[in-house]
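As a plain string of letters, each chain reads:
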Amino acid sequence: MAKTVDEIADAMYKLVKDAFGIKKLKPMDLTKAMMELYEGEVDKKTCKAAIKQLIDSGKCVYTYFGGSYVEIPHKEGSANE
Amino acid sequence: MSDALPKTPKLDELEKGKWPSFVTEIKMAAKKSPMCRDLLGQLEQSYEEKIGYWKHGGIVGVMGYGGGVIGRYSDLPEKYPNISHFHTMRINQPAGWFYNTDALRKICDIWEEHGSGITNMHGSTGDIILLGTTTDELEPTFSELQKIDFDIGGSGSDVRTPSCCCGMARCEWSCYDTMKACYDLTQAYQDEIHRPAFPYKFKFKFSGCPNDCVASMARADMSIIGIWRDDIQVDRAAVTEYAKNGMDIKADVVDNCPARCMDWDGKEIHIDNQFCRRCMHCINVMPKALAPGKDRGAAILLGSKAPIIEGALLSSVLIPFYKMEPPYEELKDLLERIWDLWCEEGKNRERVGEFIQRVGMGNFLEAIELEPVPEMIAHPRENPYVFYEEYFEEDEGEEEESES
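Rules used in this analysis
- Residues numbered from 1 in each chain as written.
- Chains lettered and ligands numbered in written order.
- Predicted model: local features only at pLDDT ≥ 70, side-chain atom pairs only at ≥ 80, totals over all residues.
- Heavy atoms only, no water.
- Helix = DSSP H or I, 4+ residues; strand = E, 2+ residues; numbered from the N terminus.
- Rg over C-alpha atoms; globule rule 2.2 N^0.38 Å.
- Buried < 20%, exposed > 50% of the residue type's maximum accessible area, 1.4 Å probe, protein only.
- Contact = heavy atoms within 4.5 Å.
- Core = buried A, V, L, I, M, F, W, Y, C linked by side-chain atoms within 4.5 Å.
- Pairing = 2+ DSSP bridges.
- Axes fitted to C-alpha atoms, helices over the stretch in contact; angles between N-to-C directions.
- Buried area = accessible area lost by both parts, 1.4 Å probe.
- Salt bridge = Lys/Arg side-chain N within 4 Å of Asp/Glu carboxyl O.
- Nonpolar A, V, L, I, M, F, W, Y, C, P; charged D, E, K, R; others polar.
- Parallel < 35°, antiparallel > 145°, perpendicular 65-115°, else oblique.
- Left-handed = near helix turned anticlockwise from the far one by under 90°.
- pLDDT = per-residue confidence, 0-100.
- Patch = residues over 30% accessible without salt bridge, like charges linked within 9 Å, V, L, I, M, F, W, Y side chains within 5 Å.
- Areas by Shrake-Rupley, 256 points an atom, 1.4 Å probe, with all protein chains shown as cover.

Section: the overall build of chain A
At step 1: Check the secondary structure of chain A and you find three helices and two strands.
At step 2: Against the compact-globule benchmark of 12 Å for 81 residues, chain A has a radius of gyration of 13 Å, which places it among compact chains.
At step 3: Summarising its shape, the C-alpha atoms of chain A cover approximately 50 × 20 × 20 Å along the three principal directions.
At step 4: Within chain A, buried positions represent 43% of all 81 residues.
At step 5: Restricting to contacts in chain A with at least 6 residues of sequence separation, those with at least 24 account for 52%.

Overview of the nonpolar core
Residues and elements named next belong to chain B.
At step 1: Phe 202, Phe 204, Met 222, Ile 224 and Phe 364 are the most contacted members of the largest nonpolar core, which has 43 residues in total.
At step 2: Those elements that provide at least two residues to this core are helix H6 (178-188), strand S7 (204-207), strand S8 (222-228), strand S13 (296-302), strand S14 (316-322), helix H12 (329-345), helix H13 (352-359) and helix H14 (361-367).
At step 3: Among the elements that take part in this core, H12 stands out by supplying eight residues, more than any other.
At step 4: Those residues in contact with Phe 202 that lie beyond four places of it in its chain are Asp 158, Val 159, Arg 160, Asp 221, Met 222, Leu 302, Leu 335, Trp 339, Trp 342 and Val 352.

Observations regarding the sheet that holds strand S6 (residues 163-164) of chain B
Residue and element names in this part refer to chain B.
At step 1: Ordered by their spatial adjacency, five strands build an open sheet running S6-S7-S8-S13-S14, and the pairing between neighbours is mixed. Strands with a single pairing partner mark the edges of an open sheet, and in this sheet they are S6 and S14.
At step 2: The sheet strands contacting H12 are S7, S8, S13 and S14, and the helix crosses S14 at an angle near 160 degrees.

Some remarks on the interface of chain B and chain A
At step 1: Each side of the interface is counted separately: chain B has 31 residues, and chain A has 26 residues.
At step 2: Both faces considered, chain B and chain A share a buried interface measuring about 2300 Å² in area, 48% of it formed by carbon and sulfur atoms.
At step 3: Among the residues chain B hides against chain A, the three largest losses belong to Gly58(B), Ile59(B) and Arg195(B). Together they make up 26% of the total.
At step 4: The tally of links between chain B and chain A comes to four salt bridges.
At step 5: If you list the elements that add at least two residues to the side of chain B that touches chain A, you get strand S1 (54-57), strand S2 (69-74), helix H7 (190-194) and H12 of chain B.
At step 6: Looking at side-chain class alone, the side of chain B that touches chain A contains 12 nonpolar, 12 polar and seven charged residues.

Re the packing of H6(B) against H12(B)
Residues and elements named next belong to chain B.
At step 1: Here H6 crosses H12 at 50 degrees, and the two axes come no closer than 12 Å. Between H6 and H12, the angle falls in the class oblique. Crossing handedness for the pair H6 and H12: right-handed. Contacts between H6 and H12 involve Asp 184, Leu 185 and Ala 188 from the first element and Leu 331, Lys 332 and Leu 335 from the second.
At step 2: Its residues placed into classes, the contact of H6 with H12 shows four nonpolar, no polar and two charged.

Side note on the environment of Ala367(B)
At step 1: Examined against the element boundaries, Ala367(B) turns out to sit in helix H14.
At step 2: Between the C-alpha atoms of Ala367(B) and Ala291(B), which are 76 residues apart in sequence, the distance is 38 Å.

Description of the confidence of the model for chain A
At step 1: Predicted confidence across chain A gives a mean pLDDT of 92, with 100% of residues reaching 70 or more.
At step 2: Of all helices and strands in chain A, the one with the weakest mean pLDDT is strand S1 (residues 61-64) of chain A (91), whereas helix H1 (residues 5-19) of chain A scores best (97).

A short note on a nonpolar patch on the surface
Residue and element names in this part refer to chain B.
At step 1: Residues Leu 14, Phe 22 and Tyr 47 make up a contiguous nonpolar surface patch of roughly 270 Å² in combined accessible area.
At step 2: Among the secondary structure elements, Phe 22 is positioned in helix H2 (residues 22-30).
At step 3: Phe 22 gets classed as partly exposed once you look at its relative accessible area, which sits at 43%.

Examining the pairing of S1(A)
Residue and element names in this part refer to chain A.
At step 1: As judged from the four bridges shared by S1 and strand S2 (residues 68-71), these two strands associate in the antiparallel manner. Bridge pairing in S2 links Tyr 64 to Ser 68.
At step 2: The hairpin turn running from S1 into S2, its antiparallel successor, is three residues long, and Gly 66 in that turn takes a positive phi close to 85 degrees.

Things to note about the pattern of salt bridges
At step 1: The final tally for this structure, using the stated rule, is 22 salt bridges over all chains.
At step 2: In this structure, Asp56(A) and Arg195(B) form a salt bridge, with 3.1 Å as the shortest nitrogen-oxygen distance. With Asp56(A) in helix H3 (residues 44-56) and Arg195(B) in the loop between H7 and S7, this pair bridges two chains.
At step 3: Since its relative accessible area comes to 39%, Asp56(A) is described here as partly exposed.
At step 4: Exposure remark for Arg195(B): the relative accessible area of 13% places this residue in the buried category.
At step 5: Here Lys27(B) ties to Glu15(B) by a salt bridge, and the two come within 2.6 Å at their closest N and O atoms. Of this pair, Lys27(B) sits in helix H2 while Glu15(B) sits in the loop between helix H1 (9-12) and H2, and the two are 12 residues apart along the sequence.
At step 6: Given a relative accessible area of 17%, Lys27(B) falls into the buried group.

Quick look at the structure:
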């Protein structure tokens, strides 16, 4: 059965949270992971909507370190007070 | 901190000469802006010590957007507290960079209120660059800019703000409406501009003719360059007029033709159009006499980039001629096939041109379902670098026959 945007967003959030401090994940990494995890039950469009939901809700933010990544909000090392 | 400008003997050297100086501009802004005073101080220290004191921050942005704000912090915040945060905002410029003074004044007013007041019109990306603000001022600035119909542009691994030459608005050589195409694709790909989802950046640039005034051939991942496919239009009376007025048509026009497809017999100019390389030289030299043909469109090229991770690349031809009429459906379909493949198989920070080099043009074309054509060449009059499977099959068949 096809997964909903909410279900994919939750699964992506868990992935991002677990990877925090270990590996930075790009939006395509999240999409690929979901396609592998829920083979046949999810498409790229749903993954795109799930990322949009995570960002718009503030649960995740885009970061840039040479490339663009999706991470949970945190205070970056280089930021001044 | 005192309102006096810091002493800047090194930077003062950059004010000498007849050309405009960014130092002079910052000094002017520093009379009103404490940020600019600290900026002068830190810059002078950097020149003195030959050390850059900027930190590149990675999280700042506005809600929902992943691009358009480039985080910047001073590495000497105690000494220069006013530039402790000094973020850059990239603002999507109007197609062709046309403004009225009212729009410019409003942008400047917003920036003087919420940022340092200094701008870069325009950045190499084509955007309006607003230099220097704090994290707290990003959302208010964005909100004010939206009220006057400006939006943030691209940065990071996304579609960068598309840019175009002024096209048909001012240039008679333009072979398609660059501004319309740029605006259309900017609107169509808002998600891709604001929500980075690619392995690395992707740039479009639209040039109306092969003069390529926005240098799309060298700077855009997808270069859309105006071209014609019929004959160059010739006004014979105007050619005669050029000759009568002293132009050496043989030396200045004919002998400089890279295809050697022109001839001047002292009275008339003859062009063998089938060999014309659309270089624009003859048209540029005799603009009153020659013009691009009437059957106009664009060549779509792919793969250029400046040297960052690897060396510079120029775009090469993907579609030799495309009519470039709204709604540009075929172009958008092709683009989305390219993005799908590149997102799926591209490595982190690998531009699409580098990706093509890695996987090979033949494999790339097969994957995006585009038929190879002889115009897909590295340089004019060289052999195509695409090989036809049928050709090999025929060869193999012939070999088998001769062996038997």
